[in-house]
Amino acid sequence: MNMHTARAAFGVDSLKSILGISVLAIRWDDAVALLARLIAERRFTKVSFLNAHNANVAYTDPVFAEALDDFLILPDGVGVDLAAKLLYGTWFPDNLNGTDFIPAFLQASARPLTVGLLGATQANAEAASKKLAALALQHRFVVIHDGYFSPAEEPAIVDRIARLRPDVLLVAMGVPRQELWIARHIDARHCTLPIAVGALLDFLSGAVPRAPLWMRRLRLEWLFRLWIEPSRLWRRYVVGNPVFLWRVVGQKFLGRPAPARSGRGAGH
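Calculation notes
Residues numbered from 1 in each chain as written. Predicted model: local features only at pLDDT ≥ 70, side-chain atom pairs only at ≥ 80, totals over all residues. Heavy atoms only, no water. Phe/Tyr/Trp six-rings, centres within 6.5 Å; stacked < 30°, edge-to-face > 60°. Helix = DSSP H or I, 4+ residues; strand = E, 2+ residues; numbered from the N terminus. Buried < 20%, exposed > 50% of the residue type's maximum accessible area, 1.4 Å probe, protein only. Expected span 1.5 Å × (residues − 1). Bend = angle between axes of the 7 residues up to and from the residue. Salt bridge = Lys/Arg side-chain N within 4 Å of Asp/Glu carboxyl O. Contact = heavy atoms within 4.5 Å. Polar contact = N/O pair within 3.5 Å; in protein donor to acceptor, adjacent residues only side chain to side chain.

Asks: When you look at the packing of aromatic side chains in this model, what are you seeing that I'm missing?
Replies: For any pair of aromatic rings, the description consists of the separation of the ring centres together with the inter-plane angle of the planes. In this structure the tally under the stated criterion is five aromatic pairs. Each ring, one from Trp-222 and one from Tyr-237, has its centre 5.9 Å from the other, and the planes form 50 degrees; the classification is tilted. One end of the pair, Trp-222, is in helix H12 (residues 221–228); the other, Tyr-237, is in helix H13 (residues 230–254), and 15 residues separate them in sequence. We classify Tyr-237 as buried; its relative accessible area is 11%. Each ring, one from Phe-224 and one from Trp-227, has its centre 5.9 Å from the other, and the planes form 55 degrees; the classification is tilted.

Structure representation (structure tokens):
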């Protein structure tokens, strides 16, 4: 299932275009049920999340924007929520950020699954695997490889995934590498749901701390992350967030979804 089949399944109003990226507007429980159904039916579906940062990346990277067309995209964070409110007059029904949603989805899935982990450091991936196994005892978690491999190592990694054929493959390599890697290497022969999860394995391992719950409830987790890693994240948040909102304003009033998509069909 990509966003075009999602449109047919959920209706045109279920999709909101943010800077040219179609995002599924769906409640938390419905998203859990959707992913469970896709696995049960073995319907190969690439899954990712849209936040202000990767919307900005897609805005200037046509290869990334093109790849996202074939993903089921869920909304992540206050930035895209503000964009939805500005563009469509309504918020997304729920914030389906992968850091919270993916563990909750795995906990809620009663059917035993095989879950592959690819990315982060080996230590963080192993620690994340143990954390997930404790959260969701019914599943089998397998670390495929860390995220620091050369192109020469890719065939062996892809072959290992194909031999394991997990129900879910969590790919944690950062944006846009993880989505592009999935698009180029993973199909129905390898798994059912490849999911681009960003820093999820680092968070689960405890190597990168989460914001306190009160900050998450106030939608200020980005501010906590900026405080923890200012040198790495200041451009993403201090520069990127205002740029994202300015581009959304341009979409609303000038009808410009994204230069990376110029020349492509308006309904794409």
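Asks: Mind showing me how you'd approach H13 here?
Replies: Counting along an α-helix, one turn takes 3.6 residues, and residues three or four places apart therefore face a common direction. Counted at 1.5 Å a residue, the expected span for H13 with its 25 residues is 36 Å, and the 33 Å between its end C-alpha atoms agrees. In the structure, H13 departs most strongly from a straight axis at Gly-240, where the bend amounts to approximately 45 degrees and where the proline Pro-242 lies between one and four residues downstream. Looking only at H13, the buried set comprises Leu-233, Tyr-237, Gly-240, Phe-244, Arg-247, Val-248, Gly-250 and Gln-251. After H13 finishes, the residue Gly-255 shows a positive phi value of roughly 65 degrees.

Asks: What is the right way to read the pattern of salt bridges from this model?
Replies: When the charged atoms of two side chains lie near each other, side chains of opposite charge can form a pair. Scanning all chains against the criterion turns up ten salt bridges. Put simply, Lys-46 and Asp-70 hold a salt bridge, and the shortest N to O gap is 2.7 Å. You can see Lys-46 sitting in strand S3 (residues 46–50) and its partner Asp-70 sitting in the loop between helix H4 (62–68) and strand S4 (71–75), a full 24 residues away along the chain. According to the relative accessible area criterion, Asp-70 is partly exposed, its value standing at 35%.

Asks: How should I be thinking about the environment of Arg-111 in this particular structure?
Replies: The residue Arg-111 is located in the loop between helix H6 (98–108) and strand S5 (114–119) in this model. Sequence separation of Arg-111 and Gln-138 is 27 residues, and the distance between their C-alpha atoms is 7.4 Å. Once you skip the residues sitting within four places of it in the chain, Arg-111 turns out to touch Ile-39, Ala-40 and His-139.

Asks: Mind showing me how you'd approach the side chain of Ser-48 here?
Replies: Along the polypeptide, Ser-48 turns up in strand S3. In terms of polar contacts, Ser-48 uses its side chain to reach the side chain of Glu-179, at 2.7 Å. Beyond its immediate stretch of four places on either side in the chain, Ser-48 contacts Phe-71, Leu-72, Ile-73, Leu-74, Glu-179 and Ala-196.

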